[in-house]
Amino acid sequence: EAGAVNDGMMLAKAGGSDVDFSETNVQVTGIDEADIIKTDGKYIYTISGNTIFIIDAYPGENAKIISEIELKSRPSNLFIYDDKLAVFGNFNDADYFKKKDLSVTNSMTFFNIYDLEDIKSPSLIKEFKFEGNYFNARLIDNHVYFVSSQYPNSREIPMPLIIEDDIARNVKIGNVFFYNINYD
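Reference entry: report on the structure contained in this document. Think of each chain on its own: its residues are numbered from 1, step by step along the sequence as written. In keeping with the predicted nature of the model, local features appear solely for residues at pLDDT of at least 70, side-chain atom pairs appear and are counted solely at 80 or more, and the whole-chain, interface and lining totals rest on all residues. Processing note: side-chain calculations cover all non-hydrogen atoms of the structure and skip hydrogens and water entirely.

## Here we look at the packing of aromatic side chains
Thought 1: Geometry of aromatic contacts follows a simple scheme: Phe, Tyr and Trp rings, the Trp one being its six-membered ring, pair when their centres are within 6.5 Å, and the pair is stacked under 30 degrees between planes, edge-to-face over 60, tilted otherwise. The final tally for this structure, using the stated rule, is twelve aromatic pairs.
Thought 2: Ring geometry for Phe 88 and Phe 111: centres 5.3 Å apart, planes at 15°, overall stacked. With Phe 88 in strand E10 (residues 84–91) and Phe 111 in strand E11 (residues 108–115), the pair connects residues that are 23 residues apart, well separated along the chain.
Thought 3: You can call Phe 88 buried: its relative accessible area is 0%.
Thought 4: For the ring pair Phe 91 and Tyr 96, a centre distance of 5.4 Å and an interplane angle of 90° mean the geometry is edge-to-face.
Thought 5: Through a chain of ring-to-ring contacts, the aromatic side chains of Phe 79, Phe 88, Phe 111, Phe 128, Phe 130, Tyr 134 and Phe 146 assemble into a single cluster.
Thought 6: Two conditions define a charge sitting above a ring: the NZ of Lys or the CZ of Arg must be within 6 Å of the ring centre, and it must be within 35 degrees of the ring normal. One Lys or Arg, Lys 129, reaches over the ring of Phe 91 and ends 4.9 Å from the middle of that ring. Secondary structure elements follow DSSP: runs of H or I no shorter than four residues count as helices, runs of E no shorter than two count as strands, and numbering proceeds from the N terminus. Here's how the labels work: a residue is buried when its accessible area is under 20% of the maximum for its type, exposed when over 50%, partly exposed in between, all with a 1.4 Å probe on protein chains only.

As structure tokens, this is what we get:
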């Protein structure tokens, strides 16, 4: 359970005692940046290859891996918020696309949300795939904002594809944003 922020450190309850631990270095206070390793003061959540490891890290002399999440795609980053773990990265599975009869112009970004209430057995509660390559993400309050990018390769107006829990739909045109920035 998170406590008060104290001089850039988070005071947390870990194993029944108060423990200071530093959060991920951030550029802007209150805006968490995606990373390959996170901690809540008791557990460490980290990415190695296609696996998420959850390590009981407090106290250090008793540290041990308590659960693993194997993914088909290689995760790029993660966030921890309350008892939820968000894991995301690029998704490239031609067999999946063929099975779903989807024509994906590039790769997709996957975004999985796990419930950590039972830390020894995290459960997948939501699964998304977004057309485009994962670029970057931020966590602000309880909302994750992330950017994926893709280059259209046709003259038609391509509408990005979203797959939510295995159900595919296109993004509405009113929800697509283009930033008219001079890139010269």
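Moving on from the coordinates now.
## Side note on the sheet that holds E10
Think of a sheet as strands paired side by side through backbone hydrogen bonds, with each pair either parallel or antiparallel.
Thought 1: Two strands pair if DSSP finds at least two bridges between them. Across the sheet, six strands lie side by side as E9-E10-E11-E12-E15-E16; this open sheet has antiparallel pairing. Lying at the two open borders of the sheet, with one neighbouring strand each, are strand E9 (75–81) and strand E16 (167–170). Averaged over all pairs of adjacent strands, the angle between strand axes in this sheet comes to 20°, irrespective of strand direction.
Thought 2: Summarising the sheet, E9 and E10 pair through six bridges and their orientation is antiparallel. Across the sheet, residue Phe 79 finds its bridge partner in E10, namely Ala 86. Convention adopted: a line fitted to C-alpha atoms gives each axis, helices being fitted over their contacting stretch, and angles between N-to-C directions are expressed from 0 to 180 degrees.

Keep in mind these numbers describe shape, not what the thing actually does.
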